[in-house]
Amino acid sequence: MVDSYNSKCLKYKHLNYNYFFFWRKDNGGFTALFDHGEPDVQRGLLERLKNTGLTIGQPKVLDYLKDHDGSSQKEIARNCFLEAGSLTSILNRMEEKGLIERRMLNGNRRTFHIYLTKEGWKSQKLVEESFLEIEKQALKGITEEEFDAYLTFSRKIFKNLMLTEEEGTKNE
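Predicted model, so just to flag it, every value in this text is computed and none were measured.

Caption draft 1: Structural detail: the overall build of the protein. Helix and strand content of the protein: six helices and six strands. When its helices and strands are written in sequence order, the protein yields β-β-β-α-α-β-α-α-β-β-α-α. A total of 172 residues make up the protein; the buried ones form 38% of that total. For the protein, restricting intrachain contacts to residue pairs at least 6 apart in sequence, the fraction spanning at least 24 positions comes to 54%. When the accessible surface of the protein is split by element, carbon and sulfur atoms take 52% of a total near 10700 Å².

Right, here's the structure in full:
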(Lines give C-alpha, C1' and ligand atoms only; values in the text may rest on other atoms or scores of the structure.)
Protein backbone atom coordinates (compact mmCIF):
# COMPACT_ATOMS: atom_id res chain seq x y z
CA MET A 1 0.00 0.00 0.00
CA VAL A 2 1.03 3.59 -0.55
CA ASP A 3 2.25 5.45 2.50
CA SER A 4 2.85 9.15 2.57
CA TYR A 5 4.69 10.77 -0.33
CA ASN A 6 5.63 14.04 1.41
CA SER A 7 3.75 16.08 -1.18
CA LYS A 8 3.64 19.68 -2.21
CA CYS A 9 0.44 21.23 -3.39
CA LEU A 10 0.11 23.17 -6.62
CA LYS A 11 -3.21 24.68 -7.52
CA TYR A 12 -4.08 25.11 -11.15
CA LYS A 13 -7.12 27.28 -11.72
CA HIS A 14 -8.86 27.09 -15.07
CA LEU A 15 -12.30 28.55 -15.77
CA ASN A 16 -14.56 27.46 -12.91
CA TYR A 17 -12.52 24.45 -11.86
CA ASN A 18 -9.78 24.13 -9.29
CA TYR A 19 -7.23 21.40 -9.76
CA PHE A 20 -4.87 20.48 -6.99
CA PHE A 21 -1.68 18.72 -7.91
CA PHE A 22 0.38 17.19 -5.16
CA TRP A 23 4.05 17.12 -6.04
CA ARG A 24 5.59 13.75 -5.31
CA LYS A 25 9.21 14.53 -4.46
CA ASP A 26 10.70 11.10 -5.09
CA ASN A 27 10.08 11.01 -8.84
CA GLY A 28 8.68 14.38 -9.80
CA GLY A 29 5.18 13.07 -10.50
CA PHE A 30 1.83 14.72 -9.99
CA THR A 31 -1.35 13.49 -8.50
CA ALA A 32 -4.53 15.52 -8.58
CA LEU A 33 -7.47 16.05 -6.31
CA PHE A 34 -10.09 17.75 -8.42
CA ASP A 35 -12.58 20.45 -7.53
CA HIS A 36 -14.73 18.34 -5.22
CA GLY A 37 -11.72 17.42 -3.09
CA GLU A 38 -10.72 20.96 -2.16
CA PRO A 39 -13.36 21.65 0.52
CA ASP A 40 -12.80 18.22 2.06
CA VAL A 41 -9.05 18.73 2.28
CA GLN A 42 -9.47 22.24 3.67
CA ARG A 43 -12.13 21.13 6.16
CA GLY A 44 -9.96 18.21 7.30
CA LEU A 45 -6.94 20.45 7.67
CA LEU A 46 -8.80 23.12 9.65
CA GLU A 47 -10.37 20.43 11.86
CA ARG A 48 -6.92 19.07 12.68
CA LEU A 49 -5.62 22.59 13.36
CA LYS A 50 -8.67 23.96 15.21
CA ASN A 51 -6.80 24.36 18.53
CA THR A 52 -3.93 26.29 16.94
CA GLY A 53 -5.84 29.45 16.07
CA LEU A 54 -4.85 29.19 12.39
CA THR A 55 -7.49 30.37 9.94
CA ILE A 56 -8.18 29.80 6.24
CA GLY A 57 -5.22 30.71 4.06
CA GLN A 58 -2.65 30.65 6.85
CA PRO A 59 -1.70 26.95 6.57
CA LYS A 60 -1.07 27.37 2.84
CA VAL A 61 1.22 30.35 3.47
CA LEU A 62 3.06 28.55 6.29
CA ASP A 63 3.57 25.53 4.04
CA TYR A 64 4.92 27.71 1.24
CA LEU A 65 7.27 29.63 3.54
CA LYS A 66 8.73 26.37 4.83
CA ASP A 67 10.68 26.06 1.58
CA HIS A 68 10.67 29.74 0.58
CA ASP A 69 11.32 31.70 3.78
CA GLY A 70 12.07 35.32 2.91
CA SER A 71 9.84 35.41 -0.18
CA SER A 72 8.25 38.66 -1.24
CA GLN A 73 4.52 39.13 -0.81
CA LYS A 74 4.17 39.09 -4.59
CA GLU A 75 5.91 35.69 -4.82
CA ILE A 76 3.74 34.27 -2.04
CA ALA A 77 0.54 35.53 -3.66
CA ARG A 78 1.49 34.08 -7.05
CA ASN A 79 2.60 30.69 -5.72
CA CYS A 80 -0.28 30.29 -3.27
CA PHE A 81 -2.84 31.47 -5.84
CA LEU A 82 -4.08 34.29 -3.64
CA GLU A 83 -5.16 37.79 -4.59
CA ALA A 84 -2.84 40.49 -3.23
CA GLY A 85 -5.58 41.94 -0.99
CA SER A 86 -6.44 38.54 0.46
CA LEU A 87 -2.79 37.78 1.15
CA THR A 88 -2.33 41.13 2.89
CA SER A 89 -5.18 40.30 5.28
CA ILE A 90 -3.80 36.81 5.92
CA LEU A 91 -0.30 38.18 6.57
CA ASN A 92 -1.63 40.92 8.87
CA ARG A 93 -3.33 38.29 11.05
CA MET A 94 -0.25 36.08 10.96
CA GLU A 95 1.94 39.01 11.99
CA GLU A 96 -0.45 39.87 14.87
CA LYS A 97 -0.13 36.25 16.07
CA GLY A 98 3.66 36.44 15.89
CA LEU A 99 3.94 33.79 13.15
CA ILE A 100 5.75 35.96 10.59
CA GLU A 101 7.71 39.15 10.33
CA ARG A 102 8.00 41.50 7.38
CA ARG A 103 11.42 42.86 6.48
CA MET A 104 12.70 45.30 3.90
CA LEU A 105 15.78 44.15 2.04
CA ASN A 106 18.45 46.43 0.61
CA GLY A 107 16.51 49.55 1.61
CA ASN A 108 13.69 48.77 -0.85
CA ARG A 109 10.62 50.23 0.88
CA ARG A 110 8.22 48.98 -1.78
CA THR A 111 8.84 45.25 -1.29
CA PHE A 112 8.57 43.40 1.98
CA HIS A 113 9.96 39.93 2.44
CA ILE A 114 8.18 37.52 4.75
CA TYR A 115 10.01 35.37 7.28
CA LEU A 116 8.71 32.77 9.69
CA THR A 117 9.32 33.48 13.36
CA LYS A 118 10.07 30.79 15.93
CA GLU A 119 6.30 30.52 16.57
CA GLY A 120 5.70 30.42 12.81
CA TRP A 121 8.06 27.46 12.44
CA LYS A 122 6.21 25.64 15.23
CA SER A 123 2.87 26.24 13.51
CA GLN A 124 4.34 25.23 10.16
CA LYS A 125 5.41 21.89 11.66
CA LEU A 126 1.83 21.30 12.85
CA VAL A 127 0.54 22.11 9.37
CA GLU A 128 3.01 19.70 7.79
CA GLU A 129 2.01 16.92 10.19
CA SER A 130 -1.67 17.58 9.42
CA PHE A 131 -1.07 17.47 5.66
CA LEU A 132 0.73 14.14 6.08
CA GLU A 133 -2.22 12.74 8.08
CA ILE A 134 -4.67 13.84 5.37
CA GLU A 135 -2.45 12.39 2.66
CA LYS A 136 -2.15 9.10 4.54
CA GLN A 137 -5.95 8.96 4.84
CA ALA A 138 -6.40 9.80 1.15
CA LEU A 139 -4.00 7.06 0.06
CA LYS A 140 -5.36 4.35 2.35
CA GLY A 141 -5.92 1.11 0.46
CA ILE A 142 -4.19 2.31 -2.70
CA THR A 143 -1.35 0.20 -4.01
CA GLU A 144 1.90 1.59 -5.38
CA GLU A 145 0.88 0.42 -8.87
CA GLU A 146 -2.53 2.11 -8.66
CA PHE A 147 -0.93 5.32 -7.49
CA ASP A 148 1.67 5.24 -10.28
CA ALA A 149 -1.09 4.74 -12.87
CA TYR A 150 -2.97 7.68 -11.38
CA LEU A 151 0.19 9.82 -11.54
CA THR A 152 0.60 9.01 -15.23
CA PHE A 153 -3.02 9.97 -15.92
CA SER A 154 -2.74 13.17 -13.86
CA ARG A 155 0.45 14.28 -15.59
CA LYS A 156 -1.32 14.04 -18.94
CA ILE A 157 -4.27 16.10 -17.67
CA PHE A 158 -1.95 18.72 -16.19
CA LYS A 159 0.08 18.95 -19.40
CA ASN A 160 -3.08 19.24 -21.52
CA LEU A 161 -4.50 21.98 -19.29
CA MET A 162 -1.25 23.93 -19.32
CA LEU A 163 -1.07 23.70 -23.12
CA THR A 164 -4.70 24.85 -23.40
CA GLU A 165 -3.99 27.85 -21.16
CA GLU A 166 -0.86 28.77 -23.14
CA GLU A 167 -2.79 28.58 -26.42
CA GLY A 168 -5.55 30.77 -24.97
CA THR A 169 -3.02 33.37 -23.86
CA LYS A 170 -1.47 33.50 -27.34
CA ASN A 171 -4.88 34.05 -28.95
CA GLU A 172 -5.79 37.02 -26.74
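Caption draft 2: The packing of aromatic side chains, seen in detail. Under the criterion given, the structure shown has zero aromatic pairs. Above the face of the Tyr 115 ring, Arg 103 is positioned so that its terminal group lies 3.9 Å from the ring centre.

Caption draft 3: The arrangement of the pairing of strand β6 (residues 112–116) in detail. Counting buried positions over the five residues of β6 gives four, a clear majority of the element. One ladder, built from five bridges, connects strand β5 (residues 100–104) with β6; its direction is antiparallel. The residue of β6 that forms the bridge with Ile 100 is Leu 116.

Caption draft 4: Here's a closer look at helix α4 (residues 84–96). The end-to-end C-alpha distance of α4, which contains 13 residues, comes to 18 Å, matching closely the 18 Å that a straight helix rising 1.5 Å per residue would cover. Within α4 the residues assigned to the buried category are Leu 87, Ile 90, Leu 91 and Met 94. Axial view of α4: buried residues confined to an arc of 95°, hence all on one face. The inward-facing, buried residues of α4 abut α2 (58–68), α3 (73–80), β5 and β6. Backbone geometry just downstream of α4 places Gly 98 in the positive-phi region, at approximately 80°.

Caption draft 5: Here's a closer look at the sheet that holds strand β4 (residues 71–72). Strand order across the open sheet formed by three strands is β4-β6-β5, with antiparallel pairing between neighbours. The sheet terminates laterally at β4 and β5, the two strands that pair on one side only. Running over the sheet, α2 touches β4, β5 and β6 and is turned about 95° from β6. Strands in contact with α4 are β5 and β6; relative to β5, the strand with the most contacts, it is inclined by about 110°.

Caption draft 6: Region of the structure containing the side chain of Gln 58. Secondary-structure assignment places Gln 58 in helix α2. Taking the relative accessible area as the measure of exposure, Gln 58 reaches 0% and is therefore buried. Gln 58 has contacts with Gly 53, Ile 90, Arg 93, Met 94 and Lys 97, leaving out every residue within four places of it along the chain.

Basis of the calculations
- Residues numbered from 1 in each chain as written.
- Predicted model: local features only at pLDDT ≥ 70, side-chain atom pairs only at ≥ 80, totals over all residues.
- Heavy atoms only, no water.
- Helix = DSSP H or I, 4+ residues; strand = E, 2+ residues; numbered from the N terminus.
- Buried < 20%, exposed > 50% of the residue type's maximum accessible area, 1.4 Å probe, protein only.
- Contact = heavy atoms within 4.5 Å.
- Areas by Shrake-Rupley, 256 points an atom, 1.4 Å probe, with all protein chains shown as cover.
- Phe/Tyr/Trp six-rings, centres within 6.5 Å; stacked < 30°, edge-to-face > 60°.
- Lys NZ or Arg CZ within 6 Å of the ring centre and 35° of its normal.
- Pairing = 2+ DSSP bridges.
- Expected span 1.5 Å × (residues − 1).
- Arc of directions from axis to C-beta.
- Axes fitted to C-alpha atoms, helices over the stretch in contact; angles between N-to-C directions.

That is the geometry; function is a separate question.
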